[in-house]
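Below are the chains, spelled out letter by letter.
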Amino acid sequence: MVSYTRTAKAFHWIMAILIGGLLVLGLYMQDLPLSPQKLELYSWHKWFGVTVFILVWFRLAWRRSHRPPDLSESLSPRLRYAAHVGHTLLYVLMILIPLSGWLMSSAKGFQTVWFGLVPIPDLIGKSRALGDLLQQVHKALNIILMLTLTGHILAAMWHHFVLKDDTLRRMR
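A short tour of the structure in this document, coming up. Predicted model only: the values in this text are computed from it and were never measured.

## A closer look at the nonpolar core
- Membership of the largest hydrophobic core comes to 16 residues, with the highest contact counts inside it found for M15, I19, V52, V56, M94 and L145.
- In terms of residue count, helix 3 (residues 77-108) provides more of this core than any other element does, 6 residues in total.
- Excluding anything up to four places from it in sequence, V52 contacts M15, L18, I19, L22, M94 and P98.

Okay, structure coming up:
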């Protein structure tokens, strides 16, 4: 069995935990009434969103310099293409979602200070209308992410329990 590198596995599972946590936190905090707790949760959400944005670039650099194992030979060309599209979409979303959040915060006039230490520059000027639009974009991208992650997890389970191939075991 040809497995992923330890670094690739670490990137995968760290990103899975961070993104899962960000999704849960984002869903939880969005309907909270304005309070110091909500503002603190938004800060944590932004801090870990910036962390995902940074890590995805390291992950892409690693992937570019360390070719992942080939897909299972049992997959048809159509399923290989679907796997490629799904993985590409995940990477695109791991870039676009934090970027849309950063832009939204900038437009709404709330600068991000990463873990309270490193000020992240605003990318655009303050604009309520643009901030509201970017909030909708951020939500829509997260819905697409949740659907894509569901497909990714279901595909992994299908490989493991139906095809009984080594796809899931290679990422453990």
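## So, the pattern of salt bridges
- Tallied over the entire structure, the rule returns 3 salt bridges.
- The partner of K108 in a salt bridge is D132, and the shortest N-O contact between them spans 3.2 Å. With K108 in helix 3 and D132 in helix 4 (residues 128-163), this residue pair connects regions lying 24 residues apart in the sequence.
- The residue D132 makes a salt bridge to R128 at a minimum N-O spacing of 4.0 Å. Here the residue D132 and the residue R128 both occupy positions in helix 4, the gap between them amounting to 4 residues, near one helical turn.
- By relative accessible area, which is 32% here, D132 ends up partly exposed.
- Note on R128: relative accessible area 70%, which makes it exposed.

## Observations regarding the side chain of K38
- By the secondary structure assignment, K38 is in helix 2 (residues 36-65).
- Notably, K38 is buried but unbridged: the nearest opposite-charge side chain belongs to D31, and the N-O separation is 6.8 Å.
- What K38 contacts, discounting residues up to four positions off in sequence, is M29, Q30, L32 and P33.

## Let's talk about unusual backbone geometry
- Although it is not a glycine, F115 sits at a positive phi angle of roughly 50°.
- Of note, F115 is situated in the loop between strand 1 (112-114) and strand 2 (118-120).
- The partly exposed category is assigned to F115, whose relative accessible area is 31%.
- Its identity as a non-glycine residue notwithstanding, K164 has a phi of 55°, on the positive side.
- Note that K164 resides in the segment after helix 4.

## Concerning the side chain of N142
- Within the secondary structure, N142 sits in helix 4.
- Of the residues examined, N142 reaches a relative accessible area of 14% and is grouped as buried.
- Those residues in contact with N142 that lie beyond four places of it in its chain are L23 and I97.

## Let's talk about the packing of aromatic side chains
- Within the structure shown, the criterion is met by 8 aromatic pairs.
- Seen in terms of ring centroids, W44 and F115 are 6.4 Å apart; in terms of plane orientation they differ by 80°. Their pairing is edge-to-face. Of this pair, W44 sits in helix 2 while F115 sits in the loop between strand 1 and strand 2, and the two are 71 residues apart along the sequence.
- By relative accessible area, which is 35% here, W44 ends up partly exposed.
- Here the aromatic rings of F53 and W57 are separated by 6.1 Å at their centres, their planes lie at 85°, and the arrangement is edge-to-face. Here the residue F53 and the residue W57 both occupy positions in helix 2, the gap between them amounting to 4 residues, near one helical turn.

Calculation notes
- Residues numbered from 1 in each chain as written.
- Predicted model: local features only at pLDDT ≥ 70, side-chain atom pairs only at ≥ 80, totals over all residues.
- Heavy atoms only, no water.
- Core = buried A, V, L, I, M, F, W, Y, C linked by side-chain atoms within 4.5 Å.
- Buried < 20%, exposed > 50% of the residue type's maximum accessible area, 1.4 Å probe, protein only.
- Helix = DSSP H or I, 4+ residues; strand = E, 2+ residues; numbered from the N terminus.
- Contact = heavy atoms within 4.5 Å.
- Salt bridge = Lys/Arg side-chain N within 4 Å of Asp/Glu carboxyl O.
- Lys, Arg positive; Asp, Glu negative; His and termini not counted.
- Phe/Tyr/Trp six-rings, centres within 6.5 Å; stacked < 30°, edge-to-face > 60°.

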